[in-house]
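Results of the structural survey
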Amino acid sequence: MTVAADLFPGGVNSPVRAYRAVGGEPPVLVRGEGAVVWDEAGRRYIDYVGAFGPLLLGHANRGVVEAIHSAAEAGGSFGVTGPGEVRLAQLIRKRMPSIERIRFVNSGTEAAMSALRVARAATGRDLIVKFDGGYHGHADSLLVEAGSGVATLSIPGSAGVARAVAAQTVVAAYNDLDSVEALLESHPGHVAAVIVEPVAANMGVVAPATGFLKGLRELTERAGALLIFDEVITGFRVAPGGAQALYGVRPDLTVLGKIIGGGLPVGAYGGRADLMDLVAPSGPVYQAGTLSGHPVVMAAGEAALAQLTPEVYAGIEAQAARLEAGLQVRGASVARVGSLLTLFFRERPPRNFAEARGSDVKAFAQFFHSMLEAGVLLPPSQFEAWFVSAAHDAPVIDVTLEALA
Ligand code: KE4
């Protein structure tokens, strides 16, 4: 048993890192710079994991590192609101005007679970609708999967989730408005919110079908339920204003994480002021966090967002498009939204999780290891997104495509 396996369950601090889906032992990575990471033996890899989404500027971005350094030198956190929190919140609100009020927390999980609590308090209702294959962190209410079929009363997707809690979450099929309508109609007046990844990225990348997000907006309004966009991955990645800007749909609440922390632990939830004013101490919904809004995290997030100019987005889009065009693999198809991309080992990109699950995961595992051998590090699962960063410039994409050959 390795020392890590003796210390941590499965030798990891997050399950996907254990390579169970692809087999073999993960490399021990010790350094990253831009699009490249090195293992302890000095081998280098082009990295498409990017810490699973936060590193839109690549590893060890100079501006972010310097911001972290000077914020750390200034001490903190102080247990009172600081200028860094204010500046980052202003940056976020300017780019996502639906976020009239925001609360910083320390992970996407915390942000999603808090958004649900606000929705339940605001509506006085208990039921939550999520989508099969949607992932929103590991809060009990969100760790449920469809037991079978497209819309069903859920069974716990994880041991330890109380049945009574799992029963409060019902599961629809992504890109299937009828499945959502059926749930809303079969539970009239009981659904507090529908939570959705506006671009699904936890079943591999699955784009919303035309009209899907707009349809969710209309269905939730009609049913008196809130619409929550989980933009932990898509926020500030798929467009400067996130998926809500890209698709022109305004959610009631938005969940954020990853990029807004510049690579450090962070989450945030926010939205309509009348909803967020329900959160303590201005309202009855309690939510708190010792290190929420930490000055060093805020400085890293601000330094990252400040660098995300239209030119940077255009550069990322151009290189991600080149990668997509080069990813012609027999028996596989590519799904891409901006810098989010998945090579599915199935003839056509899936439209939902049931189809995604039909991918040839064994073929993916072989592909994963041959790319690893060739010095390209992919996320170790068919159901994760590849993350292209601003550091993935033309030469990096060229080397990736050579490795592919
Ligand atoms: P965290 O609690 O892991 O910070 O965020 C949870 C979360 C919420 N919402 C979405 C859309 C997410 O993708 C995530 C976390 N994403 C996974 C990767 N798909 C994190 C990787 C991991 O679990 O180690």
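Our structure is the block above this text.
Throughout, residues of each chain are indexed from 1 in the direction in which the sequence is written. Residue-level local features of this predicted model are given only where pLDDT is at least 70; pairs of side-chain atoms are given and counted only at 80 or more, and the full residue set underlies all totals for whole chains, interfaces and linings. Computation of side-chain values covers all heavy atoms of the structure but excludes hydrogens and water.

1. A look at the sheet that holds strand S15 (residues 340–344)
- One open sheet accounts for three strands, arranged S14-S15-S17; its pairing is antiparallel. Two strands close off the open sheet at either side, each with one partner strand: strand S14 (333–337) and strand S17 (386–387).
- For two strands to pair, DSSP has to find at least two bridges joining them. Comment: elements are numbered from the N terminus, with helices defined as DSSP H or I runs of at least four residues and strands as E runs of at least two. Sheet topology places S14 next to S15; five bridges connect them, and they run antiparallel. When the sheet's bridge partners are listed, Val334 is paired in S15 with Leu343.
- Two residues qualify as a contact provided that any one of their heavy atoms is within 4.5 Å of a heavy atom in the partner residue. For helices, the fitted axis covers only the stretch in contact; all axes are lines through C-alpha atoms, and the angles between them, taken along N-to-C directions, range from 0 to 180 degrees. Most of the contacts of helix H11 (residues 310–326) go to S14, to which it runs at about 170 degrees, and overall it touches S14, S15 and S17.

2. With respect to the site of the ligand
- Around the ligand lies a shell of 16 residues, among which Ser14, Thr109, Asn202, Asp230 and Glu384 are the nearest.
- In protein, a polar contact requires one atom able to donate a hydrogen and another able to accept it; more generally it is a pair of N or O atoms within 3.5 Å, and residues adjacent in sequence count only if both atoms are side-chain atoms. Between the ligand and Thr109 there is a distance of 2.7 Å, counted from an oxygen atom to a side-chain nitrogen or oxygen.
- Between the ligand and Asp230, the relevant distance is 2.7 Å, taken from a nitrogen atom to a side-chain nitrogen or oxygen of the residue.
- Note on areas: Shrake-Rupley with a 1.4 Å probe; residue coverage comes only from the protein chains shown. Calculation on the ligand without its partners gives an accessible area of 540 Å², and the protein chains cover 85% of this total.
- Of the residues contributing to the shell around the ligand, the split by class is five nonpolar, seven polar and four charged. Only a single heavy atom is needed: when it lies within 4 Å of a molecule or strand, its residue is near that molecule or strand. The classification used treats Ala, Val, Leu, Ile, Met, Phe, Trp, Tyr, Cys and Pro as nonpolar, Asp, Glu, Lys and Arg as charged, and all other residues, Gly among them, as polar.

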